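# Fold and geometry: a report
In case you want the letters, here they are:
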Amino acid sequence: MSEPTADAPATAGSGVRRVLMLTHTGRDEAREVSLAFCKALTGHGIVVRLLATEAASLGLDPGSYDPPIELADTEAGASRDCELALVIGGDGTILRAAEITHDSGTPLLGVNLGHVGFLAEAESDDTESTIDAIVQRRYTAEDRMTLDVRVFRDGELVTSTFALNEASVEKAARERMLEVVVEVDGRPLSRWGCDGVVCATPTGSTAYNFSAGGPVVWPGVEALLLVPISAHALFARPLVVAPTSTLAVEVMARTQGGGVLWCDGRRTVELPPGARIEVRRGPDPVRLVRLHQAPFTDRLVAKFGLPVEGWRGSAERRRRADDA
């Protein structure tokens, strides 16, 4: 992964600053936080852009703000000319925002209203400090690896997409096992009867990969992860391969019922027997805004509520401070 970039510049061209705001409008708290951000950011002269459907759900009058709220009729191009996308919700909302902003490379700043929120940088009770960081441009952006995912049927490419967290091949019928052959860099690795296979990025290592028993990988590590789900095989261990590798999963012709491909738990593709899925490092990263340079270890401890009582590091620092 690349190191965090310098402080974000203002929007090119006219010098007008724009922020795209994307909201989980089905939650009352998200609507309240979004309206607070609209009021505060426009109060500092920053143009806020909303999807027209979300503006209607929020019940706001675009013309009542100064500068007026901009409306985007469609998701395509909604992030154009925006210095960042402010995302109000949980990780699912951030993954949706990654779809909308992927082509433009607009950095995402997540405000967590979910349960864990590994992708989010701020919490809902940090609204004032988050607004101040945006206004003062006191933030950085870091690149996160993505996956390039391609599906072939009868040797022909039928689907090409991307994923930030993972691409998972899963059985389509609950009562049937999925028969797959897994390949790494053009060489067969093993055949598995399983519930599925997860191909993940380091960013996605704390998502589905984690639930499937895969390793937690620090975001600064460049690697691809592959984890079998409930495989009936002697060798069925999580794998960590080079970022230059190509992973492939072939649904065997004898599989009954076929399978389904899920990308970030949002986009699906049906996989009939004989389908082939190729996963490699994506050419375009997703950029996540960082307000703090806290170690990833601290994020793990906070998000998972890990027990760290008894650690002597803080006591040692206090002792040295008292002796100074």
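Please refer to the structure placed before this passage.
For the structure given in this document, a descriptive report is provided here. (Residues numbered from 1 in each chain as written. Predicted model: local features only at pLDDT ≥ 70, side-chain atom pairs only at ≥ 80, totals over all residues. Heavy atoms only, no water.)

Turning our eyes to something else, we now look at the overall build of the chain. Scanning the chain for helices and strands turns up seven helices and 20 strands. On C-alpha atoms alone, the chain measures out to a radius of gyration of 22 Å, which is about the 20 Å that the 2.2 N^0.38 rule sets for 324 residues. A total of 324 residues make up the chain; the buried ones form 50% of that total. Considering only intrachain contacts with a sequence separation of at least 6, the fraction spanning at least 24 residues in the chain is 68%. Carbon and sulfur atoms make up 49% of the accessible area of the chain, which totals about 15500 Å². (Helix = DSSP H or I, 4+ residues; strand = E, 2+ residues; numbered from the N terminus. Rg over C-alpha atoms; globule rule 2.2 N^0.38 Å. Buried < 20%, exposed > 50% of the residue type's maximum accessible area, 1.4 Å probe, protein only. Contact = heavy atoms within 4.5 Å. Areas by Shrake-Rupley, 256 points an atom, 1.4 Å probe, with all protein chains shown as cover.)

Here the focus is the sheet that holds strand 15 (residues 239–241). An order of 15-14-13-10-17-18 is seen for the six strands of this open sheet, with the pairing classed as antiparallel. This sheet does not close on itself; its edge strands, each paired only once, are strand 15 and strand 18 (267–271). Averaged over all adjacent pairs, the angle separating strand axes in this sheet is 15°, with direction ignored. Here strand 13 (residues 196–200) runs beside strand 14 (residues 224–229); their pairing, made up of five bridges, is antiparallel. Among the inter-strand pairings, V198 is bridged to a residue of strand 14, identified as V227. (Pairing = 2+ DSSP bridges. Axes fitted to C-alpha atoms, helices over the stretch in contact; angles between N-to-C directions.)

Of all five residues in strand 7 (residues 140–144), four are buried; the element is thus mostly enclosed. The pairing of strand 7 with strand 20 (residues 286–290) spans five bridges and is antiparallel. Paired with E142 across the bridge in strand 20 is L288.

The subject of this paragraph is the packing of aromatic side chains. The description of an aromatic ring pair uses the distance of the two centres, along with the angle that the planes make with each other. Overall, the coordinates contain four aromatic pairs when judged by the stated rule. Ring centres of F118 and F296 lie 6.2 Å apart, and the angle between their planes is 45°; on these two criteria the pair is classed as tilted. Residue F118 is located in the loop between strand 5 (108–112) and strand 6 (122–123), and its partner F296 is located in helix 6 (residues 296–304); the two are separated by 178 residues in the primary sequence. On the basis of an interplanar angle of 20° and a centroid distance of 4.9 Å, the ring pair of F210 and F304 is categorised as stacked. Placement of the pair is F210 in helix 5 (residues 208–211) and F304 in helix 6, with a sequence separation of 94 residues. By relative accessible area, which is 29% here, F304 ends up partly exposed. Over the ring of F162 we find R267, and its NZ or CZ is 4.9 Å from the ring centre. (Phe/Tyr/Trp six-rings, centres within 6.5 Å; stacked < 30°, edge-to-face > 60°. Lys NZ or Arg CZ within 6 Å of the ring centre and 35° of its normal.)

Next up on the list: the side chain of T127. Relative to the helices and strands, T127 resides in helix 4 (residues 127–135). Within the local environment of T127, its side chain forms a polar contact with the backbone oxygen of S124, the two atoms lying 2.7 Å apart. (Polar contact = N/O pair within 3.5 Å; in protein donor to acceptor, adjacent residues only side chain to side chain.)

Contact pair helix 1 (residues 28–43) / helix 4: the axes reach a minimum separation of 11 Å and the direction vectors enclose 40°. With respect to each other, helix 1 and helix 4 are oriented oblique. Of the two elements, helix 1 crosses helix 4, and the hand of that crossing is right-handed. Between helix 1 and helix 4, the contacting residues are V33, F37, A40 and L41 on the first element and T127, T130, I131, I134 and V135 on the second. Residue composition of the contact of helix 1 with helix 4, by class: seven nonpolar, two polar and no charged. (Parallel < 35°, antiparallel > 145°, perpendicular 65-115°, else oblique. Left-handed = near helix turned anticlockwise from the far one by under 90°. Nonpolar A, V, L, I, M, F, W, Y, C, P; charged D, E, K, R; others polar.)

So, to be careful, I would describe these as geometric facts and stop short of saying anything about function.
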